[in-house]
Each structure stands twice: as structure tokens, then as C-alpha cells.
Amino acid sequence: MRRRALLVACGIAVVAALGVVAAVALGSGGGGSVTPRYVVATGGLQRLDPGADGVPATVAAATSTDAAITASPAAPTLAGKVVAIDPGHNGGNGSHPSQINRLVDIGNGRKACDTAGAETASGYAESAYTLDVGRRVQRILKQEGAKVVMTRTTDDGVGPCINVRAEIGNRAHADAAVSIHADGGPTSGRGFHVIYPTPLRGLTAAIARPSRRLAVDLRGAYDQGTGMPRADYVGHDGLDERSDLGGLNLSKVPKVFIETGNMNNATDAAKLTDARFRERAAKAIAAGIARFVEESG
Ligand code: ZN
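Residues numbered from 1 in each chain as written. Predicted model: local features only at pLDDT ≥ 70, side-chain atom pairs only at ≥ 80, totals over all residues.

A.B. asks: Describe in detail unusual backbone geometry, supporting the description with residues and values.
C.D. replies: Residues Gly-159 and Pro-160 are joined by a peptide bond in cis, for which omega reads 0°. In this structure, Pro-160 sits in the loop between β6 (147-150) and α6 (162-171). Of note in this structure, His-89 is not a glycine but carries a positive phi near 65°. Its place among the elements puts His-89 in the loop between β3 (82-87) and α4 (97-100). Among the residues examined, His-89 registers 28 C-beta atoms within 10 Å and is labelled buried. (Helix = DSSP H or I, 4+ residues; strand = E, 2+ residues; numbered from the N terminus. Buried ≥ 20, exposed ≤ 12 C-beta atoms within 10 Å, placed from the backbone.)

Structure follows, in C-alpha cells:
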């Protein structure tokens, strides 16, 4: 993703910087007897004897570090890609039990439309957390050129039901869909895990394999970007396969859930309630998605 653009820009900047060093060295080292081949003129470096020394023309064209970056915008790497972001739960779910407990078809059974979600001991609701992280992921992916479809954009509503959340990703023909959650696990349990769908004939058979790849990419990016440990109370090595989640069973596009930490654990909760951590989490999630989408071509 952006690292590619930055590498290109930095490469030009290094060449430009070397030009400055060369000019300084040539200009000062000979006691006035050596004519500098480059001067820092208004607008940047200018070559005095173009073509005579075999220096690539890009050096002459690079006017300054800043200009080199702004003058060489690499195309956003996620241009043309579609990502569905599903912030789990909703702030109104808890006060609307009849709507939320209504059973919906999840392909291999029936399950409640949605749940209220977890909350930290201090009362920070999972629904508020997932929307905050989801919006950050949305912002980052849009900056990279992706179209981002959100299943909800406010935290004062009810639902949508899990089957509708899956349908939103399907209708968008998303290249990847990620449902963002924070777990309500045992208070002694720490860490994050990524859930991918079991291959189910007629349901997830086609998306199970790419979904697992998305899970592995997300796990790696979350490992690197957040320092949150892999869950020690569920799954295996930060991954879990499940066949009981409607949001996965009904998806026709590669999809995973990421349980970004355990709201019931005091150490995890201290991170989840910190906006700086949420920004790191969002960057990591966006990086994992970008890696998957780029690999998928
Ligand atoms: Zn949840």
C-alpha cells in the first residue's frame, strides 16, 4: 500500500540528497578550484553541465525532497477495489430486545438477528468501539484508493441483522469483508483472534480458502501493528474456524471477523479504550486487508 509510494518517493529523495552532497563536496573540497556540477537554485537542484557526467535525468528533474514526493504520486494501490467494513453490533441493540432477538436464517440454522455486544468494566460499549475503529479503517482504505462500504455509520440505531450485514458485502461485490469486534471473553483471557468460516457446501465452500488467507494476513498485520498478543483463551495461534456465524455463513465474498481484544480483560480493555491504540489497530487492519487484496490481484 502506501509504503510502495513512499519507497519510490524516498528513492528520488535520496538521489536528490546525494546530488546536494556531491555539490557540497565538489564545491568545498577543492579550495575553489573545482566547479560544482550542481547548485541548489530557486526551486531546487539544477545541473550545470547536463548530460556530461552520466547522472540520470531524474536527478536533474528532482527539485527538492518535498517536490519529489508531491511530483511523483504513485497511483493508489487499492484503486478499483471494494472493501466492506462491518462494525459489530449497534448502540441501540440492548434497548430493543424484541427486534434483536428475532431469529434469522444463517444458512445452516437460525440465530438471533444481532446481540448487544460486550463492554469494558468502565462501561465502554463494544458497539462504540467497533464503529470508531471501523471509521478509522474506512478513512485509511479510502486514502489508499479503495471504495469502502460500511454496514453502519452511526451508533444510536438497531442492527442491521447479521444476515443483512453479510448481504451488504455481497451486493457490493467486495474484494474483502471484515467484521470488527472486541470479545466478551473470560476476565483472565487476553488477546485477539481472527475468525474465518468453515467450508460449508452450498454456503461458504467457495470463500473458505480465501477467507482463511485474509485471516492470516490480518493476524500478521495485527501482530506487527498493535502488540496485542494472540488470544490465550480461544482458537489457536490467533485464528479460529467457525460454522455458527451468520455473518460468515452467508457471505459470498472473502470475509472474516476480527476480535481485536478482550473487553472483559483489564489489560486489553486499557488498550481498547485508548484512542491511540484504536488508530494503531485500524492501521493494522487496513494493512492486512490491503495485503490480502493486493495478493488477490
Ligand atoms: Zn462482538
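A.B. asks: Give a detailed account of the pairing of strand β10 (residues 255-262), specifying residues and quantitative values.
C.D. replies: In terms of burial, β10 is a largely internal element, 8 of the 8 residues being buried. In terms of strand pairing, strand β7 (residues 176-183) meets β10 through 6 bridges, oriented parallel. By the bridge assignment for β10, Ser-179 is matched with Phe-257. When strand β8 (residues 193-197) meets β10, the two strands line up antiparallel, connected through 3 bridges. By the bridge assignment, Ile-195 is partnered in β10 with Phe-257. (Pairing = 2+ DSSP bridges.)

A.B. asks: Report on helix α7 (residues 208-226), specifying residues and quantitative values.
C.D. replies: Along an α-helix, residues three or four positions apart point the same way, because every turn accommodates 3.6 residues. Its 19 residues give α7 an end-to-end C-alpha distance of 26 Å, which sits within 8% of 27 Å, the value for a rise of 1.5 Å per residue. Where α7 is buried, its residues contact β7, β8, β9 (239-242), β10 and α10 (275-296). Directly after α7, the chain includes Gly-227, whose backbone phi takes a positive value near 75°. (Expected span 1.5 Å × (residues − 1). Contact = placed C-beta atoms within 7 Å.)

A.B. asks: Run through the packing of α7 against α10, naming residues and quoting values.
C.D. replies: Between α7 and α10, the least distance of the axes is 8 Å, while the angle of their chain directions is 140°. Where α7 crosses over α10, the two elements pack in a sense that is right-handed. For the pair α7 and α10, contact is made by Pro-210, Arg-213, Leu-214, Asp-217, Leu-218, Gly-220, Ala-221, Tyr-222, Gln-224, Gly-225 and Thr-226 and by Phe-277, Arg-280, Ala-281, Lys-283, Ala-284, Ile-285, Ala-287, Gly-288, Arg-291, Phe-292 and Ser-296, respectively. (Axes fitted to C-alpha atoms, helices over the stretch in contact; angles between N-to-C directions. Left-handed = near helix turned anticlockwise from the far one by under 90°.)

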